[in-house]
Every structure is written in C-alpha cells, then in structure tokens.
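For reference, the chains in residue letters:
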Amino acid sequence: MIAKTIIEPFRIKSVEPIRWTTRAEREKLLKAAHYNLFLLPADDVLIDLLTDSGTGAMSTKQWGAIMEGDESYAGSRSFVRFKNSIQDIFGYTHVIPTHQGRAAERILFGCTCKKGDVVPNNTHFDTTRANVEFTGAEAVDLVIPEGKQPSMQHPFKGNMDVAALDSLIKRVGRERVPLVMLTVTNNSGGGQPVSMENAREVSAVCRKHGIPLYFDACRFAENAWFIKLREPGFADKTPKQIAQEMFKLGDGCTMSAKKDGMANIGGFLCTNNDILAQQEKDLLILTEGYPTYGGLAGRDLEAIAVGVQEALEVDYLRYRIASTAYLGNHIAAAGVPIVQPPGGHAIYLDARAFLPKVQTDQFPGVALACELYLEGGVRSVEIGSLMFAGAAQMDLVRLAIPRRVYTQSHIDYLIEVILEVFKNRDRIGGMRLTYEAPFLRHFTAHLEPFALAAPHSESSAK
C-alpha cells in the first residue's frame, strides 16, 4: 500500500504546551518588540518557525546517549564517539568541535582570510557572510541564474555558477581566494539543493586553481535526499552513501549540528590540512575550549554523534521533505508566491511578489513576517533587504520547520493563516528602520510601519 496521508515516523512521549493569544495582544507585543520578531518572547508565539536551528526534538536514542556523557575536560570518551560518527559520514582527517556553526565559521575564516581576500559561495548565509566580512575579505555569491528567480522550477537551484567561479578566480587572482565554499542546501536561496554534478564541477575548478573547497554542511542530509530523488544515477544509493561521496570532493567543512545534527546546540569544523588544523585548534583553545570539547558538554557531543546518523535515515527524510512540500504545494495552489520547488527545511514566501506595492527599501519581507504573527501567532524570519542590505537578491520570508516538533495539524493551521494574510495582502504597508547594528543587523534592528494596516476581523487564532 502507498499511503496518501503523511504521518510522522515517530510517537510522542513528551509534550510542551503552547499559548494562544488574541490579535489585540499580539499588536501590543509586536510594537513592544519594535516590529522585530527576534525580540518577541517565545512564550508569546504559537507556531515558531523563526529557525530550524537547535529547535528540533531529540530522539530517545539521543536522550539515552546524553546520560552517557563523559564530562572530562580533556580526552573524554564522548569526544571519541563524536569524532568517529562525524568521520564515518564526512571523512575528513581533523574534527574540531565548536559550540555552534558560526564559531566554526569564525575560526575557519579567522585562520584563512585577510583584508582584500575574496570568498566565493553559491550563497552565503548571514553569519557566514558576517564572519567573512569581519576579516576584511569580500563575500561573493555565485548561485546559478535560476536560483535568483523564485517562481522558476529547477531541480537544483542551489547550484553554483561554475563558469562565474572560474572567471572570478582568474579576474581577482588565485592568491586572493583562500577558499571556496559550497552551501548544501542553499539556505539563503530558498533551501534549494546542490547537485552532485555541480559539486564535482566546483571541485574540479578548485583543483585546477589549487584552492581548497569547503562545504557549509548544515543541511547535508536533506541535500543528499534531494540528490537521491532528482539526480540520475543515485536512486539506489542511500543518503549516507551520497553524503560520503559529496564530501570526498572537498577539503573540509563547517557544520551547525543544530540543523542536520538533530541537536539543540553544537557544531564542528573539519579539515584535511594538518597545519591549518593546528592553527584552528590554537584559536579554539583561546576562545571556545579544549579541542576535545570545544565549548560543548560531553552530553552534547553524544547527542550530535547519534543525531547526524539519524538525520540520514530514509523514513525520517521521506517524511521531512514530504511534510515541507505539503505546506508549499497547498499555499502555492491558492496563488501564494513561493520559492519553487519547495525546499527541504523551509518554505520561502516571495515577499516582493506577495506585496508588489511595497518597495524593496521598505522591507516587504519584514512587513509580511509581522503580518503573519499578527494574524495567527506565527513567527517566521525575513531573508532579504534587512538581513543582507545591498547584497539581497530577493526578499523572502522563511518558514523554517523545526525537526520532529510540529504535527500535520499544525501545518494545516499554518496554511489557514497564510491564506488569510494573502487574502488581505493589499492592507499591508511597508516598514522603516529606526535602529540598526553594524553587523547582523536583523537580529536587533528596530523598525516601525509607515502606516498601520487597516483593522479587520479577528483570525481563527483567538
């Protein structure tokens, strides 16, 4: 039998209550948060899709492993299990734990980049770009043209433009390019996957010029599943085999284990370069901790060791991708503009097409995200003009779905909220900045509406 209904491939053993609020309450809460959803108290959010980073539910095997955590300061057995699990999938010589992905980025770029350097990527995410630019280097996005067109259908819109990469290296000079990064899946570009063929071609360009290739591997398991589904020659391979094959093309990676590590905290940095690894460990000791714990408790190392393997399980990935597509396909069928095809960890609303009357300098993504909260208590995140300023190529609202947290009925409720906002989209106005920080401004920015939306009837979220 081929099931038509998506069911969660797990049973629920513990629950956490969530709190209903009225629209009047949410209006006051949003104003107090300066119209920045990052500044909202989590208890005032009904469905929290701000991020899928560290917000997932851990399995019984992970909780069991946590009880075996060895909290020795140096040389703990938990690190050995962590390292063995990571190397089983990623294959790199050196595995350096960090407290989360941005710490791995800071250490990598701090050891490899200097002022005047150029770091190509298919699309840098916010912390990646910020950590590159903090060193004085330039972060350059080289996603394929199809990846910049939200409505266009393409199986691998996360691919890097290989010809543009080769041209960039020749133009600026190999000595100015300390490394190339490939983000799988491409988060800022709509959660779109990178094909194995593209990874091979990027790797070949890097080898030709003698430049190391690093993967931003946060959602490597989801990327492997898309390759299995969409790329010829991979249907009979397991997600683990596909991931192993891709990572052989690179020289190292950064990873936030809060995504496809299925853990609530943690990350790691991998490399095959012995000299670089020692430099990275020296910096790690200075700012994170000893190289066998890297700012993490032993119990966290245990949870990650189990989680990265669970993320590659076929039943989990089939459910994960189907559930996300269910949301995307339902709202798209009603005319809601989204990044097509639906991504792995999130659905991305195309805010420019959703709110065509709101100019890009009035932050249409922020305006739309605020309205989703006002309508139904849903928290999302803008990925566009506020997050990336002049580097923004699209204005998107990401609905990132935490792993193993929400049920299908939560998704059905979310669909109702989005469709209600879409029906009343002409009432939504733009936003303006009243405060911004010099780096990663979207986390702490203050905004205000140019004009308050016209009042309308209370939504179903009461």
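What to know about the pairing of strand β4 (residues 138-141)
And then number 1: Bridge count for strand β3 (residues 118-121) against β4 is 4 bridges, and the pairing is parallel. Counted as the bridge partner of Val 119 is Ala 139 from β4.
And then number 2: Taken together, β3, helix α5 (residues 126-134) and β4 form a β-α-β motif whose crossover is right-handed.

A closer look at the sheet that holds strand β12 (residues 396-400)
And then number 1: With respect to topology, 3 strands assemble into an open sheet ordered β9-β12-β11, the strand pairing being antiparallel. The open sheet is flanked by β9 (346-350) and β11 (381-383), the only strands paired with a single partner. In this sheet, neighbouring strand axes are inclined to one another by 35° on average, regardless of whether the strands run parallel or antiparallel.
And then number 2: The sheet contact formed by β11 and β12 spans 3 bridges and is antiparallel. Its bridge partner lying in β12, Val 381 is registered against Arg 398.

Here's the deal with empty space enclosed by the protein
Over the atoms rolls a probe the size of a water molecule, and its path tells where empty space is left.
And then number 1: For the structure on display, the rule yields 6 cavities of 30 Å³ or more.
And then number 2: In this structure, the largest cavity spans a volume of roughly 170 Å³.
And then number 3: Lining the largest cavity are 16 residues, with Thr 123, Ser 188, Ala 391, Gln 393 and Met 394 positioned closest to its centre.
And then number 4: The residue makeup of the lining of the largest cavity, split by class, is 7 nonpolar, 6 polar and 3 charged.
And then number 5: Approximately 120 Å³ is the volume attributed to the second largest cavity.
And then number 6: Together, 14 residues line the second largest cavity, and Asn 36, Leu 37, Phe 38, Val 366 and Glu 382 are the ones closest to its centre.
And then number 7: Mapped by element, the contributors of at least two residues to the lining of the second largest cavity are α14 (364-376) and β11.
And then number 8: Here the lining of the second largest cavity gets 3 residues from one element, more than from any other, and that element is α14.

Here is what the cut-offs are and how they apply
- Within every chain, residues take consecutive numbers counted from 1 along the sequence as written.
- The predicted origin of the model limits local features to residues at a pLDDT of at least 70 and limits the giving and counting of side-chain atom pairs to 80 or more, whereas totals for whole chains, interfaces and linings rest on all residues.
- Side-chain calculation: all heavy atoms of the structure are included, whereas hydrogens and water are not.
- Criterion used throughout: strands pair if DSSP finds at least two bridges between them.
- Only DSSP runs of H or I with at least four residues qualify as helices, and only runs of E with at least two residues qualify as strands; both kinds are numbered from the N terminus onward.
- By the criterion used throughout, a crossover qualifies as right-handed when its path from the first strand across the helix to the second strand runs clockwise, the strands pointing away from the viewer.
- Orientation is described by axes fitted as lines to C-alpha atoms, over the contacting stretch for helices, and by angles from 0 to 180 degrees between their N-to-C directions.
- Put simply, the grid is 1 Å and covers the protein atoms alone, a cavity is a trapped set of points that fit a 1.4 Å probe, a pocket is an open set with protein on both sides within 12 Å along at least five of seven lines, and lining residues have an atom within 4 Å of a point.
- Grid points are joined across faces, edges and corners, and a volume is the space filled by probe spheres set on the points.
- Under the grouping applied here, Gly and all other residues not named as nonpolar or charged are polar, the nonpolar ones being Ala, Val, Leu, Ile, Met, Phe, Trp, Tyr, Cys and Pro and the charged ones Asp, Glu, Lys and Arg.

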